[in-house]
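Spelled out from the first residue to the last, the chains are:
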Amino acid sequence: MLIGGKDFRTDGSHIYIMGILNLTPDSFSDGGRYTKPDEVLLRVETMIREGAEIIDLGAESTRPGAAEVTAEEEMERLLPVLEMLKQRFDTPVSIDTYKAEVMDAAFSCGADLANDIWGFRYEELHPELCAGKKTMAEVVAAQGKPAVLMHNDLMPRNGGERTEEQWERSGVTASGRKQILCRVRDGWERSLQIAETYGVKKDQIILDPGVGFAKTQEENLACIRGLSFLKREGCSMLLGASRKSVLGSLLELPTEDRDEATAGTSLLAFNAGYSFVRVHDVKMNRRLLDFWEKIHMEGPKLP
């Protein structure tokens, strides 16, 4: 897979690290830490030195209860930083956004990859907000760029319960709510149908199970335990579980103490044949994954 002119092999023999950079005041882990140009540059330089092969920029927190940000405000935060990074580094940059207009502007500024938490489904699940606008799939297809399609169900931004109408619009049955692995795969199928409709090539798609999004803690754990089952043949796979509350819940750890657990999920992703992990602590994950890959070079992967 070509991302930013670089070839990423996605046969499961190597796992690439996407380093997280949040340009937000309210992200759950590092909100407000990287707001000045020198802070941003230092952080990106550090992540690249430690082994990040992609930098993932986000300018709106998507944690439950976070305030919504307009497209204009998101672009004000995002685009100057993106332009600065593209001038300074040759590492591919992905954009963590679900707004088609933001992604369109980011591609014009040199972005290499779309990271869509709604998996091309935001427009059909929120038709009242998107009438007359370009869709994310349309924007990605027009640029011929790759995209991460994350699984997500229709979920209120305040983190409350979905209404029956919202469940129906998500295409999820009552019994399906209890069958999270099948629900994820069914959601991906819809995302892939949309991609095909707009002409986004399958070999340019990366699937993400969406740990921490519209799922209970039990469902999040089921996704982590079921990574191998979720792997879809013919698609590249990404896991983004870094510092999520589900990891903290197992050992009752605060956000800042979840990096070891995150690294453990990265190993699970490698063993399941995933090609990408999205993490905050690049150094720990890269060293552990490099060690794990060397252990497995001469023999089969452990079950």
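Look up a bit, the structure's there.
Computed from a predicted structure; not experimentally measured. (Residues numbered from 1 in each chain as written. Predicted model: local features only at pLDDT ≥ 70, side-chain atom pairs only at ≥ 80, totals over all residues. Heavy atoms only, no water.)

1. As for the packing of aromatic side chains
Link 1 in the chain: Applying the stated rule across the entire model yields five aromatic pairs.
Link 2 in the chain: Ring geometry for tyrosine 98 and tyrosine 122: centres 4.7 Å apart, planes at 45 degrees, overall tilted. Within this pair, whereas tyrosine 98 is found in the loop between strand S5 (93-96) and helix H3 (100-108), its partner tyrosine 122 is found in helix H4 (residues 122-125), the two being separated by 24 residues in sequence.
Link 3 in the chain: Look at tyrosine 122 and you get buried, because its relative accessible area is 11%. (Phe/Tyr/Trp six-rings, centres within 6.5 Å; stacked < 30°, edge-to-face > 60°. Helix = DSSP H or I, 4+ residues; strand = E, 2+ residues; numbered from the N terminus. Buried < 20%, exposed > 50% of the residue type's maximum accessible area, 1.4 Å probe, protein only.)

2. Focus on the sheet that holds strand S3 (residues 16-22)
Link 1 in the chain: Here eight strands make up a closed barrel; going around it, the order is S3-S4-S5-S6-S7-S8-S9-S10 and the pairing parallel. Strand-to-strand twist in this sheet, taken as the mean axis angle between neighbours without regard to direction, amounts to 25 degrees.
Link 2 in the chain: Across the sheet, H3 lies against S5 and strand S6 (113-116), angled at about 160 degrees from S6, the strand it touches most.
Link 3 in the chain: Helix H8 (residues 180-198) rests against strand S7 (147-150), strand S8 (205-208) and strand S9 (236-239) of the sheet, and its axis sits at about 160 degrees to S8. (Pairing = 2+ DSSP bridges. Axes fitted to C-alpha atoms, helices over the stretch in contact; angles between N-to-C directions. Contact = heavy atoms within 4.5 Å.)

3. Some thoughts on the nonpolar core
Link 1 in the chain: Counting residues in hydrophobic clusters, the biggest one holds 69 residues, and the most contacted among them are Leu57, Leu78, Leu85, Ile95, Met103, Phe120 and Tyr274.
Link 2 in the chain: The leading source of residues in this core is helix H2 (residues 71-88), at eight residues.
Link 3 in the chain: Among residues more than four places away in sequence, those in contact with isoleucine 95 are Asp56, Leu57, Leu78, Leu82, Met103, Ala106, Ala111, Leu113, Ala114 and Asn115. (Core = buried A, V, L, I, M, F, W, Y, C linked by side-chain atoms within 4.5 Å.)

Read these as geometric descriptors, not functional statements.
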